[in-house]
Amino acid sequence: SKLSAGEKAGLAAVAGLSLVTLVGSPIVGVRWWRKHGRDERYAGLPPGTVPLPGHQVPVVQSDPDLPIPVAFTPPRIPVAEGGLLVDGKLETRETAATIIDLAVRGALTVQSSGKKDFRVTLLDPGKAAAPHEVVLLNGIFGGAGPGAQVDLSKQGSMVKAHQAMDKSVRSQVASRGWYRKQPSAAAAGGIGCLVIAVPLFSAFALGALGLLLLLPVLPVLVTFAIIRAKLGRGRRTADGRAVCDQVEGFKTYLATAEADQIRFEEGEDIFSKYLPWAIAFELADRWAK
């Protein structure tokens, strides 16, 4: 009641504009994402499959709601590449999974008697098959020969080796042509938070007027941050989408399989064989049980 006619009109205009951006921003964001952000997929082929050599199959945009069938074996790619392909990130769990995978294949041994004891001993560097595995071994052992032992329990002891492996894995994935737009190593989520936080704190600093002016802009900023976070996973090609389907299908298997379903395979020691993938999927505890 204390506002002038001009101030009331201004408030009404801000409220109307806020309503328009609140409804319009998500609609525009979804339409843009459907056109420019989704993965590609081979039309008419089951998830996880690619055309036979010499066959031309049209490529369409992938339906994110398409059900991915369970895969009972992991794809024939290194576990680190699979981890990057799923979410566009190569985190410390992929590095840990690669170390365990190298141990399963006899490249090194791992000894641990507690949380503060994690020692690795190099046995046969020739068992490292992929370039990023060679890079990781060099980063851990510094080029030393078989018999070298390193304590990895110290904080920060794996930083340089992990960063070198990250760079190598991204280079490998780029050479395979799995991405139309490959995710960068920078965290997209952090930039998205800054996009919202900076204007918000600025508005608080300006007081009530700043908060009022921010209202119509906030839905736009939130939509932008969400899209940027989704783009952080990269845009996969049809080939990349097919391999990603295989990885996601195997993740479903590890997350849902029961003991009586896998007992017939115990002779192959699938526990050790699949453990690196369980680590990468954060399912190691379930797989061990």
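Residues numbered from 1 in each chain as written. Predicted model: local features only at pLDDT ≥ 70, side-chain atom pairs only at ≥ 80, totals over all residues. Heavy atoms only, no water.

**Student:** How do you make sense of the overall build of the protein when you look at a structure like this?
**Tutor:** A count of helices and strands for the protein gives 12 helices and seven strands. Scored against the burial criterion, the 289 residues of the protein give a buried share of 38%. (Helix = DSSP H or I, 4+ residues; strand = E, 2+ residues; numbered from the N terminus. Buried < 20%, exposed > 50% of the residue type's maximum accessible area, 1.4 Å probe, protein only.)

**Student:** Mind showing me how you'd approach unusual backbone geometry here?
**Tutor:** Most peptide bonds are trans, and most residues other than glycine sit at a negative phi. At Glu 282, a residue that is not glycine, the phi angle is positive and equals roughly 60°. Summarising the element assignment, Glu 282 is placed in the loop between α11 (270-280) and α12 (284-288).

**Student:** Please explain the pairing of strand β4 (residues 117-122) as it appears in this structure.
**Tutor:** On a regular strand, each side chain points to the face opposite its neighbour's, so the side chains alternate between the two faces of the sheet. As paired strands, strand β3 (residues 108-114) and β4 are joined by five bridges and run antiparallel to one another. Bridge assignment links Gln 111 to a residue of β4, and that residue is Arg 119. Two successive antiparallel strands, β3 and β4, enclose a turn made up of two residues. Both β4 and strand β5 (residues 149-151) contribute to a ladder of three bridges, which runs antiparallel. The partner of Val 120 across the bridge, within β5, is Val 150. (Pairing = 2+ DSSP bridges.)

**Student:** Can you help me understand the packing of aromatic side chains in this one?
**Tutor:** Remark: the centre distance and the inter-plane angle together describe each pair of aromatic rings, the angle taken between the planes. Evaluated as defined, the whole model comprises six aromatic pairs. Between Phe 250 and Tyr 274, the ring centres sit 5.0 Å apart and the planes meet at 85°, which makes this aromatic pair edge-to-face. Here Phe 250, found in helix α9 (residues 238-256), pairs with Tyr 274, found in helix α11; they are 24 residues apart in sequence, far enough to count as distant. Of the two residues, Phe 250 and Tyr 274, both sit in the buried class. (Phe/Tyr/Trp six-rings, centres within 6.5 Å; stacked < 30°, edge-to-face > 60°.)

**Student:** Please clarify how the nonpolar core should be interpreted in this entry.
**Tutor:** Grouped burial of nonpolar side chains is what soluble globular proteins tend to show. In this structure, Ile 99, Leu 136, Ile 140, Phe 141, Phe 250, Leu 254 and Trp 277 are the most contacted members of the largest nonpolar core, which totals 47 residues. Those elements that place two or more of their residues in this core are α2 (79-87), α3 (92-104), β4, α4 (131-141), α5 (159-176), α9 and α11. Ranked by the residues each element gives to this core, the list is headed by α11, at seven residues. With residues near it in sequence (within four places) discarded, Ile 99 still touches Leu 108, Val 110, Val 120, Leu 136, Ile 140, Leu 152 and Met 158. (Core = buried A, V, L, I, M, F, W, Y, C linked by side-chain atoms within 4.5 Å. Contact = heavy atoms within 4.5 Å.)

**Student:** Would you take a moment to explain α11 for this structure?
**Tutor:** One turn of the α-helix equals 3.6 residues, which is why residues spaced by three or four share an orientation. Of all 11 residues in α11, nine are buried; the element is thus mostly enclosed. Residues Ile 270, Ser 272, Tyr 274, Leu 275, Pro 276, Trp 277, Ala 278, Ile 279 and Ala 280 constitute the buried set of α11. Immediately downstream of α11, the backbone of Glu 282 shows phi near 60°, a positive value.

**Student:** Sorry if this is basic, but what is going on with the pattern of salt bridges here?
**Tutor:** A side chain with one charge may pair with a side chain of the opposite charge, provided their charged atoms come close. In the structure shown here, the tally under the stated rule is 16 salt bridges. Across the pair Glu 40 and Arg 180 runs a salt bridge, and its minimum N-O distance is 2.9 Å. With Glu 40 in strand β1 (residues 40-42) and Arg 180 in strand β6 (residues 179-181), the pair connects residues that are 140 residues apart, well separated along the chain. Exposure remark for Glu 40: the relative accessible area of 12% places this residue in the buried category. The class for Arg 180 is exposed, based on a relative accessible area of 51%. One salt bridge connects Arg 286 with Glu 258, and the closest N-O pair in it is separated by 3.5 Å. Placement of the pair is Arg 286 in helix α12 and Glu 258 in the loop between α9 and α10 (259-262), with a sequence separation of 28 residues. Taking the relative accessible area as the measure of exposure, Arg 286 reaches 32% and is therefore partly exposed. (Salt bridge = Lys/Arg side-chain N within 4 Å of Asp/Glu carboxyl O.)

**Student:** Teacher, can you tell me more about a nonpolar patch on the surface here?
**Tutor:** Side chains of Leu 19, Leu 22, Val 23 and Ile 27 sit close together on the surface and give an oily, nonpolar patch of about 390 Å² of accessible area. Turning to its location among the elements, Val 23 is positioned in helix α1 (residues 5-36). (Patch = residues over 30% accessible without salt bridge, like charges linked within 9 Å, V, L, I, M, F, W, Y side chains within 5 Å. Areas by Shrake-Rupley, 256 points an atom, 1.4 Å probe, with all protein chains shown as cover.)

**Student:** Is there a simple way to think about the side chain of Asp 87 in this case?
**Tutor:** As for its position among the elements, Asp 87 is in helix α2. Of note is the side chain of Asp 87, whose polar atom sits 3.0 Å from the backbone nitrogen of Lys 89. (Polar contact = N/O pair within 3.5 Å; in protein donor to acceptor, adjacent residues only side chain to side chain.)

**Student:** Explain the sheet that holds β3 to me, please; I cannot follow it from the model alone.
**Tutor:** The strands making up a sheet are joined through hydrogen bonds of the backbone, oriented either antiparallel or parallel. Here three strands make up an open sheet; going across it, the order is β3-β4-β5 and the pairing antiparallel. Bordering the open sheet on either side are β3 and β5, each of which pairs with just one other strand. The mean inter-strand angle of the sheet, taken between neighbouring strand axes irrespective of direction, is 20°. Strands in contact with α3 are β3 and β4; relative to β3, the strand with the most contacts, it is inclined by about 115°. (Axes fitted to C-alpha atoms, helices over the stretch in contact; angles between N-to-C directions.)

**Student:** Sorry if this is basic, but what is going on with the environment of Gly 83 here?
**Tutor:** Here Gly 83 lies in helix α2. Judged by its relative accessible area of 7%, Gly 83 falls in the buried class. Between the C-alpha atom of Gly 83 and that of Ala 280, which follows or precedes it by 197 residues, the distance is 6.3 Å. Setting aside anything within four residues of it in sequence, one finds Gly 83 in contact with Lys 89 and Glu 94.

Everything listed is a geometric property; what it means functionally is a separate question.
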